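Remarks on the overall topology
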Amino acid sequence: MNPVARMSRSLPLIRTAGLGLLVSLLGACSGDVVRSLASDAGYGPRTVAAPDFVAESRSKAQPDFMPVGVDAPKRPVRAKSVTGQKALEAELESARGRNEVRGRAAASAGQGAAATIKPAPAPPQ
């Protein structure tokens, strides 16, 4: 048999196998190198520039959120020591006690005021 004819019959099979290999590589590896090679070869998504009105409406200032892949800045404040935590717990417990006392005082004042208020008469039907 003619080698050229044999080669021409196997060429679509080679193309399909190459595409399958490329797809499996893209699925197995999420590296930017493979993605950019596939994109340059014509496989994968096409990059489309944003329309003018979209580009103009985007703020040029730094966004309020932290971009993906960027570490948060180191915090200047250190964690509280054990004694600092105990002092904070005591402060919060005393604040809770004060709020409970104020709540009971407000509830009793409301009950005294409610006793002097007469209900409104029912509207005629």
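It should be emphasised that the depicted structure is a prediction, and the values quoted were computed from it without experimental measurement.

**Examining the overall build of the protein**
- For the protein, the helix and strand inventory stands at four helices and zero strands.
- Element order for the protein, N to C, with α for helix and β for strand: α-α-α-α.
- Within the span of the protein, comprising 125 residues, buried residues form 2% of the whole.
- Carbon and sulfur atoms provide 62% of the accessible area of the protein, an area that totals close to 11,800 Å².

**What to know about helix H2 (residues 32-41)**
- For H2, a buried count of one out of 10 residues is recorded, marking the element as mostly open to its surroundings.
- One or two residues past the end of H2 sits Gly42, with phi positive at roughly 105°.

**What about the pattern of salt bridges?**
- Within the structure shown, the criterion is met by one salt bridge.
- Between Glu93 and Arg96 there is a salt bridge whose closest N-O contact spans 2.8 Å. A residue pair is termed a helical-turn pair when its members lie 3 or 4 positions apart in one helix, as Glu93 and Arg96 do in helix H4 (residues 82-116) at three residues.
- Looking at Glu93, the relative accessible area reads 47%, which means it is partly exposed.

Procedures and definitions
- Residues numbered from 1 in each chain as written.
- Predicted model: local features only at pLDDT ≥ 70, side-chain atom pairs only at ≥ 80, totals over all residues.
- Heavy atoms only, no water.
- Helix = DSSP H or I, 4+ residues; strand = E, 2+ residues; numbered from the N terminus.
- Buried < 20%, exposed > 50% of the residue type's maximum accessible area, 1.4 Å probe, protein only.
- Areas by Shrake-Rupley, 256 points an atom, 1.4 Å probe, with all protein chains shown as cover.
- Salt bridge = Lys/Arg side-chain N within 4 Å of Asp/Glu carboxyl O.

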